[in-house]
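# Coordinates in review
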Amino acid sequence: MTWVVFGAWFPSEPLPSNVQQVALISAEQFEKLSQQRQAPQVSPEPAPLLEPAAVQPVADPASQPDPAPEITQPEPVPPAEPDPQVTDRPDQPPEPELPAELPSATEEPDVSSLVPLVRPDSAPRPVDRVAPEPVAPPEPDTRIADVVQPEVAPDEGAETEQDVQDATAREAASDRIVTEENEGEDAAATAAPAVSRRPKARPARPQPEPQVAAAAQPTEPEQADTSDAVADALAEALAGGADVEAPEPSGPPLTLGEKDALRVEVSRCWNVGSLSTAALKTTVVVGVSLARDGKPDTGSIRMLSSTGGSASAAKQAYEAARRAIIRCGAKGFQLPPEKYAQWRDIEMTFNPERMRIK
Amino acid sequence: MRKILAALLIGASALAGAGTAAAQTGPLRIEIDQGVIEPLPYAVPDFVPETPSAAEHAAQIARVVAADLSGTGLFREVPASAHISKVTGFDDPVKFADWKAVNAQALITGAVSVTGNRLTVQFRGYDVFAEKELESALQFSGTTGGWRRMAHKVADAIYSEITGESGYFDSRVVYVSESGPKNDRRKRLAIMDYDGANVQYLTNSASLVLAPRFSPTGDRVLYTSYESGFPQIHVLDVGQVQRKILSSGDGTMSFAPRFAPDGRTIVYSQTQGGNTDLFSMDISTGAKRRLTSAPSIETAPSFSPDGSHVVFESDRSGSQQLYVMPASGGEARRISFGQGRYGTPVWSPRGDMIAFTKQNKGRFHIGVMRTDGSEERLLTASFLDEGPTWAPNGRVIMFTRESQGSAGRALLYSVDVTGRNLKPVKTPDGGSDPAWSPLQK
């Protein structure tokens, strides 16, 4: 009833339907098609072989087989020289270097240790630079810089102006000296995981709560008697004390990450390539004072001590260390400004022991 | 008065606190144990000509200095096209900022003057980032014909100042020049600067010559000649090109001679009755002394720099290995134990290493090891490498590399003792059996 009343207000459109054209065939044609799908009749006896008919030459040149190649004596090939890239393996298999301490079975193995350190295709390459981390050779048109950045070319269709930027990449480096003898060596071996995963150990049973000794109870910190210190400092101040300018490291110390960042910054400029063998056996401790912007005060750089070499060797080692501090500190070391008191004075020990075996 | 006293007390207590904190922490301490090994960038603009006729030499000398330093593989020249500053006066102040901008860590400036046949070279080196002059400023004078030697001396001084070890550029190499096809190879003694310049021939190619060796002062050369039909040792005065035979007796073959560090004695191999042993000989008297007496072949002796020991090769153990014995003879100690055959050992001028030729699995190598045989390192690998000789500072090794096949040639190559910087040495013809002189005086 409702439909009768309101149906006229909602005219229904016919639903869209797909129309497909078909071809009509006759019954004879359908019969023929059906016969083709039936399996062929196989006679129980094989048909006798026919005599091969004489092959008539075909006049069509396009279908003729290619003419037989003219056989000529090959040029004498000199015996191939051994590929200079392929080097003999070491006479004795190298002793595998085992870590001094195997990871504890109760610890979760470090996932990073299971990742191949070097890709199989990243065999050592003879490059001028040896650095802690190997760097693949940059593209030919790439400018060498410390920072890796892609090339940005002006886009003609762009509405806003774009800054043109050259592609830059770090200089190619290998992580050890590559000689003609060891070039390409151990590429496959280094692709193997350094450490194999060890099975988990049974969980340890819970230990009984240790009894806390009475002496371990926190006690009130003793108030230091500063009366003597105050008196001494007062006397020193009145006497025009000399230590007024002394450093006063205060506040939170640098984190390990911040120290590592500084270490890496200096390492990148510590070039020992031109040092003598004697200087490479000399460890020098160098003191330096930094300004608040992280730049070293070049006048403050001094050698505090040296071990392992003569005075001449120590001088060369010190000069290399000083160059590293000045060069990489030219734009200021990246250090937290709020901790300036902690890093105003730094003692850097330059130990080339690990560089000798590169 | 009370306020003043209170302020003083507050200030004093602050000082006391600071002193306590300083004693507890001290300066930040970090250890750097990883660095980089890369050529040190330097700049050597053309030297300043101080007389009109010195312009050509001023440019040439700067180029030879650059070739010397860059040729070591330890230095890399910043090309002149990148220079911001132009050095127009030897005494002009150096604009360090300009050289820092092109990352030149060392700068070499110089001036050249020519008066008649007299050439004077003065130079200075600078540590650019430290903004200070190196201590190597010197002045050399000589004839205009000796400008290359003066350039080498400048490079030696700079090299020594930066690396801390003596240079090797003002040195010479005597070698066997080889020309002609392999089946008709003509060999003659030649001498040249270490970089292949100024080649002079000391003998003609009428007879076969082998294994020349410099005297400790570089003024004489020992070599083996087949002039008489069998090998005999000759000594040749390099300056006057005069030679004489160090006769070792009829019916014997003597070869592989080498000077003792005192320059008065030689040690060599002598074959008699089918057996080869080591002997020493006083050059002035001709007195001989037997050092080994074994049925095996002992040859290729080389003195330690202090003259106390001799390293040589011998097949007494069944294969060719290296042995060390006292210079006066006596019990020999085997120092090579790796696979393959070892030969032609040469003691480093520093005394700490021995270079050798190694043959293993069909390949030849130049290698180095400690004098006790430890820390063996192979520096090269090819179809045929042999006959190492040390640069005067013990940093570089020169050797013979021969290529395979009927068209193969023998060429001189050099390599750093680390195995880096392997490169050929330019010679007019082929070359073999190089022997490096000491630094020239």
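Time to look at the overall build of chain A. Check the secondary structure of chain A and you find 7 helices and 5 strands. Listing each helix as α and each strand as β along chain A from the N terminus yields α-α-β-β-α-α-β-β-α-α-β-α. Burial analysis of chain A (358 residues in total) assigns 17% to the buried set. Expressed as a percentage of contacts within chain A between residues at least 6 apart in sequence, the contacts between residues at least 24 apart total 79%.

Residue and element names in this part refer to chain B. Of note, the phi angle at A300 is positive, near 55 degrees, even though the residue is not glycine. Looking at the secondary structure, you find A300 in strand β20 (residues 298-303). The phi dihedral of D433 is positive, around 50 degrees, even though this residue is not glycine. In this structure, D433 sits in strand β32 (residues 430-436).

What follows concerns the sheet that holds β32(B). Residue and element names in this part refer to chain B. Read from one edge of the open sheet, 4 strands run β11-β10-β9-β32, paired in antiparallel fashion. The open sheet has two edge strands with one neighbour each: β11 (200-201) and β32. Of the strand pairs in this sheet, strand β9 (residues 172-179) and β32 are connected by 5 bridges, and their pairing is antiparallel. Along β32, the bridge assignment pairs E178 with G430.

Residue and element names in this part refer to chain B. Here chain B is described as being made up of domain 1 (40-163) and domain 2 (172-436). For domain 1 and domain 2, the distance between their C-alpha centroids amounts to 36 Å. At the interface, 5 residues of domain 1 touch 7 residues of domain 2. Partitioned by chemical class, the residues of the side of domain 1 that touches domain 2 number 1 nonpolar, 3 polar and 1 charged.

Moving on: the confidence of the model for chain B. Chain-level statistics for chain B give a pLDDT mean of 90 and a share of 93% at 70 or above. Here residues 5-24 of chain B is a poorly scored stretch, pLDDT under 50, and it has 31 contacts once near neighbours within four places are set aside; other chains count.

Residues and elements named next belong to chain B. Direction vectors running N to C along helix α2 (residues 55-71) and helix α4 (residues 147-163) enclose 45 degrees, while the axes themselves pass 8 Å from each other. What the angle tells us is that α2 and α4 run oblique. Crossing hand, α2 versus α4: right-handed. For the pair α2 and α4, the contacting residues are H57, Q60, I61, V64, V65, D68 and L69 in the first and W147, R148, M150, A151, H152, V154, A155, I158 and Y159 in the second. A class-by-class count of the residues in the contact of α2 with α4 yields 11 nonpolar, 3 polar and 2 charged.

This paragraph deals with the environment of A169(A). Residue placement: A169(A) occurs in strand β2 (residues 168-169). Note: C-alpha distance between A169(A) and Q149(A) (20 residues apart in sequence) is 6.7 Å.

Cut-offs applied
- Residues numbered from 1 in each chain as written.
- Chains lettered and ligands numbered in written order.
- Predicted model: local features only at pLDDT ≥ 70, side-chain atom pairs only at ≥ 80, totals over all residues.
- Helix = DSSP H or I, 4+ residues; strand = E, 2+ residues; numbered from the N terminus.
- Buried ≥ 20, exposed ≤ 12 C-beta atoms within 10 Å, placed from the backbone.
- Contact = placed C-beta atoms within 7 Å.
- Pairing = 2+ DSSP bridges.
- Domains from an automatic or database assignment.
- Nonpolar A, V, L, I, M, F, W, Y, C, P; charged D, E, K, R; others polar.
- pLDDT = per-residue confidence, 0-100.
- Axes fitted to C-alpha atoms, helices over the stretch in contact; angles between N-to-C directions.
- Parallel < 35°, antiparallel > 145°, perpendicular 65-115°, else oblique.
- Left-handed = near helix turned anticlockwise from the far one by under 90°.

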